[in-house]
Amino acid sequence: MKFIHILVLFISVLFNQVLSLNILGVFPYQGKSHFLLFAPYLKELANRGHNLTVISHFPQEKPIQNYHDISLAGKTKIFEDVFPVYRSYWTIFQIGFFLMNTGSDNCVTLLEDENVQNLWKSKAKFDLVLVEQFNTDCALGLAHVLGAPVVGLTSHVLCPWHYEVYGVQYNPAYVANVFLEGGTKPTLFQRIERTIFHNYFIYLYKFTCRRNNENALAQYFDNVPPLEELARNIKFLLLYTNFPLSGPGLFPPNVREVGGYHVAKPKELPKELKKFIDESEHGVIYISFGSMLRATSMPQDKLEAIMEAVSQLPQRIVFKWEEKILPGNPKNIYISNWLPQNDILAHPNVLVFYSHCGMLGTTEAIHHGVPLLGMPIFGDQPSNAASVEESGLGVQIQFKELTAKLLSEKLKIVLNPEFRRKVKELSRIWHDRPQSAMDSAIYWTEFAARTSNYSFATPASSIPLYQYRSWDVIAVLGSILFAILYSVKQTISLLTKSKTQQNKRKLKKK
Ligand SMILES: *[C@@H]1O[C@H](CO)[C@@H](O)[C@H](O)[C@H]1NC(C)=O
Ligand SMILES: *[C@@H]1O[C@H](CO)[C@@H](O)[C@H](O)[C@H]1NC(C)=O
C-alpha cells in the first residue's frame, strides 16, 4: 500500500513537472480594476505549479511561490477614484482619446523598463505569454521577439477593434457596443449610434494607438510584423463573459467565455459592519460606484435624489462613500471609503446591489444571486447594464434620468421577493458549468501551450475583407447580370428599330 502511495506521488510530481509552464504575463494598463480581476487567475496558475513572471503596475505585497513580479509601479499614475459620475457623447469621444493615449504611453513605459529589457536581452524562454487585450497590442511585439505563443485576456466584453482580429462578427443589429447603451434588441437610433461609434473606435485605434505602438517597438527591434497580424495569431482569448449574463454570442473555438473566475470565497466581515448587516431587520441595500468613480463628485441634486429615495425605505444602507459625512446626515446608513464588496454581497441579508455595473461587481452580484440596480456611467458599464436587464439579474436607470421618484420605482422592482427568487435561479444557472470558471480558464491556457503549433482561429480573422463580405462575388455576379440586361436591352432596341424601319418603309410604299 505504502509503495503505491509513493509511486502515485512520484508520478504526480513527475507529471506536474512535465506540465509546468514558464509563463510571462504582460499587463501594461494601469487600471486597478482590470488587474484585480486577473490576479486570482495568475496566482492560481502559480499555485498549480507554473512559473509566472508578471509585468504589471501591481506587484504582490507578499511573495508568492512561483510568482515573480517585474514591477512598473510608480512609473504611471494609477487610475482609481478619478472619474466623475457623468456620461455624454463628449465623454465617449474622450474615452477614445484617453484609451489611445494611455495605450501609446504604456507601450513606451513597458519597453523603457530595464527589467523588461533584460528579458529580451537575456533571450528568456517562455512557453506562453499572457497579454491583456485592451487598449494596446504592444506586448504582442514583445512576445514575438521572445518567440512565444500568446493567450489574450480581457476583463470585459470585446472592444470594437477586437472583433475583426478574432473573426467575431460585429453586427449592430444584435451585438452591443461596449461603450453604449442598448443590448441585443437595439432601436434604430441605437443601431445608428453603434455604427458610428464602432467605426470611430476602430479607425482611431488603427491610426493612433496601433501605429504609435509599432513606432515604439521599432525603436528597439527590427522586423516586428505589423501588430494587426500578430493580433490575428493570438492562440486563445479568455473572454470575461458568460452567456447566462452576457447573452448568446457567436464565438470561434479559440475565444472562450471564462467569466466569473475572479470571485473569491467570501470571508468574515469586519465586526462593526457584520453587526450592522446581521441586525438589519428588513435587509440591506448595498450602494457602490466602484473603485474608479468618485461618488463625491456626483452633482448635488442627484445625490439628494438617491438619499431621498433610500431614506423612505425600511432597509439599512451600506454606502461606499469617500467623505466622512453625507448631506442630510441620514440615519441607517453605514458609510466607508472602502468596503469588502464580495463578502457583503455574500451576506444573505443583502437584498439589492445599487451599482455602476463594472464587470467585477456585476459578476459578483450574479455569483451570489443579488438583484442589481445598475446605473452605468462610462467604459463597459452601459453594455453591462443592458446585459443585467436582459438576463433578469436586475434593472437599470440612466444617470441623466435619475430622480428620487424613478429610483424608488426601480428599487421597488428589485426588492420584490419574486424578482429575487428569479435572480437566485439565474445564479444557479451561472454556476452550472462542466468546469468552474477558474478551471476552465486554466484548462484553455494549458491547452493553448500544448497545441501551440496549431491554430484554431476562424478563417474569418485572416481572409481579406473583400472576400469576407463577398464583394468580389457580388462584383462578378453583378457584371454578368449587367451584361445580360445590357444585351437584352440592345436586342430589344434593335428589334424595335427594325420594326419602325419596316413601318416607315410600309408608309413610304403607301
Ligand atoms: C521562473 O521565472 C523566474 C523569473 O522570471 C526565472 O528566473 C526562473 O529561471 C524561472 N524558472 C524556470 C524553471 O523556468
Ligand atoms: C512544435 O513544433 C516544434 C518543431 O516541430 C517542436 O519542437 C515543438 O516541441 C512543438 N511544440 C509543441 C508544444 O508541441
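Residues numbered from 1 in each chain as written. Chains lettered and ligands numbered in written order. Predicted model: local features only at pLDDT ≥ 70, side-chain atom pairs only at ≥ 80, totals over all residues. Heavy atoms only, no water.

1. Looking at the pairing of strand 1 (residues 22–26)
Here is the rule we go by: Think of it in three bands: with a 1.4 Å probe and only protein chains considered, a residue is buried below 20% of the maximum accessible area for its type, exposed above 50%, and partly exposed in between. A run of H or I in DSSP counts as a helix once it spans at least four residues, and a run of E counts as a strand once it spans at least two, with each numbered from the N terminus. DSSP-based pairing: two strands are paired if at least 2 bridges between them are found. With strands facing away from the observer, any crossover in which the path from the first strand over the helix to the second runs clockwise is taken as right-handed.
Across the five residues that make up strand 1, a large majority, four, are buried. Pairing between strand 1 and strand 2 (residues 51–56): five bridges, direction parallel. Within the sheet, the bridge partner assigned to L24 lies in strand 2 and is T53. Read as a crossover between parallel neighbours, the route from strand 1 over helix 2 (residues 32–47) to strand 2 is right-handed. Two elements, strand 1 and strand 4 (residues 128–132), share four bridges in a ladder whose sense is parallel. Paired with G25 across the strands is L130, a residue of strand 4.

2. Concerning unusual backbone geometry
We note that N66 has phi near 70 degrees; this positive angle belongs to a residue other than glycine. Looking at the element boundaries, N66 is found in the loop between strand 2 and strand 3 (67–71). Given a relative accessible area of 26%, N66 falls into the partly exposed group. Notably, K123 is not glycine yet its phi reads approximately 50 degrees, a positive angle. In this fold, K123 is placed in the loop between helix 4 (114–121) and strand 4.

3. Comments concerning the state of the cysteines
For the record, the criterion: Throughout, a disulfide means two cysteine sulfur atoms within 2.5 Å of one another.
Enumeration over the complete set of coordinates arrives at one disulfide. The partner cysteine of C107 in its disulfide is C138, sulfur to sulfur 2.1 Å. Taking the sign of the S-S torsion, 65 degrees for the link of C107 and C138, the bridge is right-handed. Placement of the pair is C107 in helix 3 (residues 89–112) and C138 in helix 5 (residues 138–146), with a sequence separation of 31 residues. For C107, a relative accessible area of 0% corresponds to the buried category.

4. Here we look at the sheet that holds strand 9 (residues 316–320)
What links the strands of a sheet is backbone hydrogen bonding, and the strands pair in either a parallel or an antiparallel sense. For clarity, the cut-off: Lines fitted to C-alpha atoms define the axes here, with helix axes fitted over just the stretch in contact, and angles between the N-to-C directions of these axes take values from 0 to 180 degrees. Residue contacts are defined here by distance: any two heavy atoms, one from each residue, within 4.5 Å place the two residues in contact.
Spatially, the six strands line up as an open sheet ordered 10-9-8-11-12-13, and their pairing is parallel. Strand pairing shows two members of the sheet lacking a second neighbour, strand 10 (333–336) and strand 13 (394–396), which therefore form its edges. Each neighbouring strand pair of the sheet contributes to a mean axis angle of 15 degrees, computed without reference to strand direction. Where strand 11 (residues 350–355) meets strand 12 (residues 372–374), three bridges bridge the pair, whose relative direction is parallel. Across the sheet, Y354 pairs through a bridge with L373, a residue of strand 12. In the packing of helix 14 (residues 381–391) onto the sheet, the strands contacted are strand 12 and strand 13, and the crossing angle to strand 13 comes to about 135 degrees.

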